Amino acid sequence: MTKALRPPNPRAGGFSLVELLVVIGIISLVAATALPNILGFMRGAKIRAAQNAVATALQRARSTSIGKNTQMGVTFVIQDNSTFWIHTEDSIAGVTGGNVGFTRQGVNFATPVAALSTRYTLPQGVEFASTAADCPGVPGFAGGQASLRFDRYGQVALPGTIVAGVTYPAVILNGGSTTVNRIYTPAGDMSICLIDRKTRLGSLVQVARSGRIVRR
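All values derive from a computational prediction rather than experimental measurement. (Residues numbered from 1 in each chain as written. Predicted model: local features only at pLDDT ≥ 70, side-chain atom pairs only at ≥ 80, totals over all residues. Heavy atoms only, no water.)

**Things to note about unusual backbone geometry**
Next up, step 1: One non-glycine residue, N69, adopts positive backbone phi at about 50 degrees.
Next up, step 2: Tracing the backbone through its elements, the reader meets N69 in the loop between α2 (45-67) and β1 (74-80).
Next up, step 3: Phi at A164 is positive, roughly 50 degrees, even though this residue is not glycine.
Next up, step 4: Within the secondary structure, A164 sits in the loop between β7 (161-163) and β8 (166-168).
Next up, step 5: Classification of A164 by relative accessible area gives exposed; the value is 81%. (Helix = DSSP H or I, 4+ residues; strand = E, 2+ residues; numbered from the N terminus. Buried < 20%, exposed > 50% of the residue type's maximum accessible area, 1.4 Å probe, protein only.)

The following block contains the structure:
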């Protein structure tokens, strides 16, 4: 007995045109809704990376100062608008001269001592803010200091200042090294502002006198 062959089902092989149009419409709607958020995230990627780099370096300086029980301290030093250093000021046996631990070591940007100094560079286009216009989130912002020093307790002092009769020695700059003042140091928390010159987006890292580091 021979069975009659059924004609093929026209819908068995895929979707109808109407179904495809509906799917495309949904995808387009989702993309249109998400695109501004994606673009905003991408625009802010550089400034967030710069903020993380500065905050992480500051935390490293603080941890090193505490962990090594430094006598002279560990400094965060701003060389120029996009370059900064973490520098251990203690002398080290077999590496530097002087009384080990108690002879303050200078930083040389041209020929740094690897055991003491680490160089960092901000992402391209991102700079340390220098004026209040570049840092609207901090009223009265003005770069008045080029460095911060963490002591062995993790607390912060300002090199080259006198506070309550206590003198905090300046960072020693060797080999013609120069710095720029980009740290705002009012009576409260100290502020380091960053700005992306292309997008005009900014970010802020603040350091309390106790050594606490906060991203804002």
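**Examining the layout of surface pockets**
Next up, step 1: What the largest pocket holds in volume is close to 340 Å³.
Next up, step 2: Along the walls of the largest pocket sit 17 residues, with R149, D151, Q155, A157 and Y168 positioned nearest its centre.
Next up, step 3: At the level of secondary structure, the elements contributing two or more residues to the lining of the largest pocket comprise β5 (147-150) and β6 (156-157).
Next up, step 4: Looking at the lining of the largest pocket residue by residue, the classes come out as eight nonpolar, four polar and five charged. (1 Å grid on protein atoms, 1.4 Å probe; cavity = no way out; pocket = protein on both sides within 12 Å on 5 of 7 lines; lining within 4 Å. Points joined across faces, edges and corners; volume = space filled by probe spheres on them. Nonpolar A, V, L, I, M, F, W, Y, C, P; charged D, E, K, R; others polar.)

**Overview of the sheet that holds strand β2 (residues 83-88)**
Next up, step 1: Spatial strand order, β3-β2-β1-β5-β6: five strands in an open sheet with antiparallel pairing. The open sheet is flanked by β3 (117-121) and β6, the only strands paired with a single partner.
Next up, step 2: Here β5 runs beside β6; their pairing, made up of two bridges, is antiparallel. By the bridge assignment, R149 is partnered in β6 with A157.
Next up, step 3: Here α2 sits on the sheet in contact with β1, β2, β3 and β5, set at roughly 10 degrees to β2. (Pairing = 2+ DSSP bridges. Contact = heavy atoms within 4.5 Å. Axes fitted to C-alpha atoms, helices over the stretch in contact; angles between N-to-C directions.)

**A short note on the confidence of the model for the protein chain**
Next up, step 1: Averaged over every residue, the pLDDT of the protein chain is 87; the share at 70 or more is 85%.
Next up, step 2: The element-level mean pLDDT for the protein chain is lowest in helix α1 (residues 17-43), coming to 66, with β1 highest at 98. (pLDDT = per-residue confidence, 0-100.)

**Considering the packing of aromatic side chains**
Next up, step 1: Summed over all chains, the structure comprises five aromatic pairs.
Next up, step 2: Judged by centre distance (5.8 Å) and plane angle (85 degrees), the rings of F84 and F128 are edge-to-face. Residue F84 is located in strand β2, and its partner F128 is located in strand β4 (residues 126-128); the two are separated by 44 residues in the primary sequence.
Next up, step 3: Residue classification places F84 among the buried positions, given a relative accessible area of 0%.
Next up, step 4: Here the aromatic residues F76, F84, Y120 and F128 are joined through ring pairs into a cluster of three or more. (Phe/Tyr/Trp six-rings, centres within 6.5 Å; stacked < 30°, edge-to-face > 60°.)

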